[in-house]
Amino acid sequence: IIDSYESSTDDRGDFVRSLMRKSEGLTSTGIIICILYHEGFTDEEIVFKLNYNPKNFKMAKSRARAAIDLPINSDSSFVKSLLRRFDYKKSGT
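So, a few notes on the structure that sits alongside this text. The model shown is predicted, which means the values in this text are computed figures rather than measured ones. Counting of residues starts from 1 at the beginning of each chain's written sequence and follows it residue by residue. Note on the predicted model: pLDDT of at least 70 is required for a residue's local features to be given, and 80 or more for side-chain atom pairs to be given and counted; whole-chain, interface and lining totals, by contrast, use all residues. Only hydrogens and water are removed before side-chain values are computed, so all heavy atoms of the structure are retained for them.

## A look at the environment of A64
Alright, step 1. Summarising the element assignment, A64 is placed in helix α5 (residues 54-68).
Alright, step 2. When accessible area is computed with a 1.4 Å probe and restricted to protein chains, residues below 20% of their type maximum are described as buried, those above 50% as exposed, and intermediate ones as partly exposed. A64 sits in the buried class, given a relative accessible area of 2%.
Alright, step 3. Note: C-alpha distance between A64 and D87 (23 residues apart in sequence) is 12 Å.
Alright, step 4. The criterion used for residue contact is that any of the two residues' heavy atoms lie within 4.5 Å. Leave out the neighbours within four places in its chain, and A64 touches L26, G30 and F86. A run of H or I in DSSP counts as a helix once it spans at least four residues, and a run of E counts as a strand once it spans at least two, with each numbered from the N terminus.

Written out as structure tokens, the structure is:
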């Protein structure tokens, strides 16, 4: 999934490569969560797409956020933008 996304367009490839450079210990699930946020999906949509229960999603989301919210990234506009998507309580309801 990640390779397909990365190779689909230059912008998506740039996103994945930037994500990999800016993260530490980001799992495949974390990368997919970041990709889905980047594409504008809500928490509820991600839970459905990944077939997670909400509790497991919350834990995976927290781990992914921690992997990119590093002191060395404090001045990165890329990371700040992605963290806003993690922190924004998006809901279709």
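## Re the nonpolar core
Alright, step 1. For this analysis, a nonpolar core means a set of buried residues of the types Ala, Val, Leu, Ile, Met, Phe, Trp, Tyr and Cys, connected via side-chain atoms within 4.5 Å. Counting 24 residues, the largest nonpolar core has F15, L19, L26, L82 and F86 as its most contacted members.
Alright, step 2. Those elements that place two or more of their residues in this core are α1 (2-8), α2 (10-22), α3 (28-38), α4 (43-50), α5 and α6 (77-87).
Alright, step 3. At seven residues, the largest contribution of residues to this core is made by α3.
Alright, step 4. Leave out the neighbours within four places in its chain, and F86 touches I33, C34, Y37, K61, A64, R65 and I68.

## Regarding α3
Alright, step 1. The element α3 is extensively covered by neighbouring structure, given that eight of its eleven residues are classed as buried.
Alright, step 2. Those residues of α3 lying buried are G30, I31, I32, I33, C34, I35, L36 and Y37.
Alright, step 3. Residues of α3 that are buried sit in contact with α1, α2, α4, α5 and α6.
Alright, step 4. Positive phi shows up at G40, right after α3, with a value of about 90°.

## A few points about the side chain of S23
Alright, step 1. If you trace the backbone, S23 turns up in the loop between α2 and α3.
Alright, step 2. Looking at S23, its side chain comes within polar contact range of the main-chain oxygen of L19, at 3.0 Å.
Alright, step 3. Excluding residues that lie within four positions of it along the chain, S23 makes contacts with A67, I68 and L70. Here a polar contact is recorded for every N or O atom pair within 3.5 Å, except that within protein the pair must consist of a potential hydrogen donor and a potential acceptor, and residues adjacent in sequence are included only if both atoms are side-chain atoms.

## Remarks on the side chain of S76
Alright, step 1. Looking at where S76 falls in the secondary structure, it is placed in the loop between α5 and α6.
Alright, step 2. Side-chain polar atoms of S76 contact the backbone nitrogen of V79, separated by 3.2 Å.

## A word on the packing of α3 against α5
Alright, step 1. Lines are fitted to the C-alpha atoms to define the axes, a helix being fitted only along its stretch in contact, and any angle between axes, read from their N-to-C directions, falls within 0 to 180 degrees. Interhelical geometry of α3 versus α5 gives an angle of 90° and a closest axis separation of 9 Å. In this view, α3 runs roughly perpendicular relative to α5, as classed from their interaxial angle. Touching T29, G30, I33 and Y37 of α3 are F57, A60, K61 and A64, all from α5.
Alright, step 2. Taken together, the residues of the contact of α3 with α5 sort by class into five nonpolar, two polar and one charged. For classification purposes, angles smaller than 35 degrees are called roughly parallel, those larger than 145 roughly antiparallel, those between 65 and 115 roughly perpendicular, and all remaining angles oblique. All amino acids are sorted into three groups, where Ala, Val, Leu, Ile, Met, Phe, Trp, Tyr, Cys and Pro are nonpolar, Asp, Glu, Lys and Arg are charged, and the leftover types, Gly among them, are polar.

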